[in-house]
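If you want the building blocks of each chain, they are given just below.
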Amino acid sequence: MTSDELDQLAINTIRTLSIDAVQQAKSGHPGTPMALAPLVYTLWNRILNFDPKDPIWPGRDRFVLSNGHASMLLWSMLFLTRTQAVNADYENLGKPSVTLDDIRHFRQLDSKAPGHPEYHWVSGVETTTGPLGQGIATSVGMAIARKWLASRYNKPGFELFDYNVYAICGDGCLMEGVGSEAASLAGHLQLDDLCWIYDNNHITIEGKTSITFTEDIAARFLAYRWNVLRVGDANDLQRIEDALDVFRKTKDRPTLIILDSHIGYGSPHKIDTAAAHGEPLGEDEVRLAKRAYGWPEDAKFLVPDGVMGAFDAGIGARGAEARRRWEALFADYRTKYPELAAEIEQMQRRELPKGWDRNLPSFKADPKGIAGRDASGEVLNVLAQNIPWFLGGSADLGSSNKTTLKFAGAGDFEAGTPGGRNFHFGIREHAMAAIVNGMSLSKLRAFGATFFIFSDYARPAIRLSALMELPTILVFTHDAMGDGEDGPTHQPVEQLVSLRAIPGLVVLRPADANEVVEAYRYILQLRHQPAVLALSRQPLPTFDRGKYAPAAGVARGAYVMADAPGGSPEIIFIASGSEVSLIVEAHEALLAKGIRSRVVSMPSWDIFEHQPQSYREEVLPPSVKTRLAVEQASALGWERYVGDHGRVIGMKAFGASAPLKELQRKFGFEPDKVVAAALEMLGRK
């Protein structure tokens, strides 16, 4: 068999595995794998520096399948390359990441070949994809991270971080706004380690792209300052390889390769039609497609002799040698630069350096207090000096979010200064959150920031960070009505409960400056959970922690901040953020009347729900049924804590444009209103 014949055999193996898996599952997307099998074969077996025996080796190239519905492309490659499984402790399990049996059970429960690529679930998947545009946006974060890592750690003769990031995308990824945001920033930052390959097949679910998508993609990306190449035939392996070679030689700009393809290639009746996109071909059409490939028509999940050997001799041998060279280089690097090597090893395991929380500020009691965003800014600047790979920025609101790192040497990440710690994402909240995911996937400890109301723009990527169990950090300021005069468009109401609803996401709304410190102390120790901070614009009183309980209670999600002497409380007040000061004032007022109340600061529902039941009942005794929760947000969800006999002072409508004090008066967020509600609930005057 000639090398060309072996290439074609391997390509058709990818195609037929994909066809058979979709047909057996009676669900899936066969057309794109049929069209792009030559591309992924060329990229993986001729270009990609990836060692199947160690899929988390730090020096590897990254591969992102942004059009994740074509997941059978990736499952075929991971199976055919014998990629090994790695566990959460970074240990090689000595077994395949994806087996042929997994492919036979494509899209079925517990199969390692799910419907879309899932990070953590399957080794060899660099990021979870499926929501279109997210993969390519995340790849920008990976490319940014590579630039930053190279700037800090590469030394003469020690090019540890010189890998490339490849992402395959389709029409949907380029139609989605997040893709445009990310492409614009990538061009500005001159990310020449980034290559997107656009599957130009002219088909979406509803039919030909001509009904919705007629722009000049090449011109658009040239305007973004990308290098644009075109390959007119997706079956031409040499032209694909040549284009990828041009990418690797291109400096100072990312590359887009426009690849003209035929969806459902080989299917006589469904090629170039929407019918090949999102449903099985059907048994008869499967046979006809296999006949077109010169394949046994009734064979299912066939892997001919020599195919896996071809991958062993290609990516297997090349990847193993590249990893061997990298590990030898790193061993020498460790000898010459032991401190930097230790940083790399800690970063790769998501560990923190010794003394990472030293010098965190402690705020003295002050009735005038300090805004949550200002306290956050002080904490960020300490943490970033203690943790070299802690970095991030804002969506054009750094001066308002107070997220700018101002210590000597912090600098800005730009094309000419890739070692900067401050990132300017521009007014691109959606892409910012996805890029932060990409940076986190590259093991940097990254944060993004904007106003809390614009978490709606960032939410899809936040959801993916929770799904992937990434320790990303989103700093949201202007958390309630503190942005008074800007009106309801800038006053979050439903955002808190919306983010609290995301499984695995830690949402923290601190009540004062010391709770902000403790919130960061908790967040930085997370290794597999993303966190959101909702911080105030306006000053919040800094509580006297000699009189009230220590802010360390934040680590348990909720804690008893104040209690009345003389037995169990008659009423329990619960609040988060700026409203904690309201219930403290109400507590003091009731105390003067001889009424026993308890103050519970509850900065995080999620953390509290993960405490033992005994602790939760200690904070909220079931015997005390008179409870009042106060929060400048939707009341939805608070019923779990106040119960049938409780009440919530919350937002039942959008806000209004007015100074903060007028808004608080209008919507009932004043101490006397809280006291009046408590007295009414207790039947007192």
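Above this note sits the structure.
Every chain's residues receive numbers from 1 upward, in the order its sequence appears when written. Only residues with pLDDT of at least 70 get local features here, since the model is predicted, and only at 80 or more are side-chain atom pairs given and counted; chain-wide, interface and lining totals rely on the full set of residues. As a rule here, side-chain values come from all non-hydrogen atoms in the structure, and water together with hydrogens is ignored.

Caption draft 1: Examining the packing of helix α3 (residues 71-80) against helix α11 (residues 307-336) more closely. Helix axes are fitted to C-alpha atoms over the stretch in contact, other axes to C-alpha atoms as well, and angles between N-to-C directions run from 0 to 180 degrees. Elements are defined by DSSP. Helices are runs of H or I of four residues or more, strands are runs of E of two residues or more, and each kind is numbered from the N terminus. Remark: α3 packs on α11, axes separated minimally by 9 Å, with the N-to-C direction vectors making an angle of 80°. Taken together, α3 and α11 sit at an angle that is classed as roughly perpendicular. Of α11, the residues touching α3 (which contributes Met77, Phe79 and Leu80) are Val307, Met308 and Phe311. Note on residue classes: Ala, Val, Leu, Ile, Met, Phe, Trp, Tyr, Cys and Pro are nonpolar, Asp, Glu, Lys and Arg are charged, and everything else, Gly too, is polar. Partitioned by chemical class, the residues of the contact of α3 with α11 number six nonpolar, no polar and no charged. Note that the term roughly parallel is reserved for angles under 35 degrees, roughly antiparallel for angles over 145, roughly perpendicular for angles of 65 to 115, and oblique for everything else. The contact rule is simple, with two residues in contact once any of their heavy atoms fall within 4.5 Å.

Caption draft 2: Representation of unusual backbone geometry in the model. Of note in this structure, histidine 202 is not a glycine but carries a positive phi near 65°. Its relative accessible area of 43% is what places histidine 202 among the partly exposed residues. The phi angle at lysine 443 is positive, at roughly 80°, despite the residue not being glycine. Looking at the secondary structure, you find lysine 443 in the loop between α15 (429-441) and β13 (445-451). Each residue is placed in one exposure class: buried if its accessible area under a 1.4 Å probe, protein chains only, is under 20% of its type's maximum, exposed if it is over 50%, and partly exposed if it falls in between.

Caption draft 3: Representation of the sheet that holds strand β4 (residues 165-169). Here the rule is simple: two strands pair whenever DSSP picks up at least two bridges between them. In space, the five strands of this open sheet follow the order β1-β4-β5-β9-β8, with parallel pairing throughout. Each edge of the sheet is formed by a strand with only one pairing partner; in this case those strands are β1 (62-65) and β8 (227-231). Averaged over all neighbouring strand pairs, the angle between strand axes comes to 15°, with direction disregarded. Here five bridges tie β8 to strand β9 (residues 255-260), and the two strands are oriented parallel to one another. Each residue of the ladder has a partner; that of valine 228, found in β9, is leucine 256.

Caption draft 4: Structural view of the sheet that holds β13. Ordered in space as β12-β11-β13-β14-β16-β15, the six strands form an open sheet in which the pairing is parallel. Two strands lie at the open edges of the sheet, namely β12 (422-424) and β15 (506-508), each paired on one side alone. Along the sheet, successive strands turn relative to each other by an average axial angle of 20°, direction set aside. The pairing of strand β14 (residues 473-477) with strand β16 (residues 531-534) spans four bridges and is classified as parallel. Across the sheet, the residue bridging to isoleucine 473 is alanine 531, located in β16.

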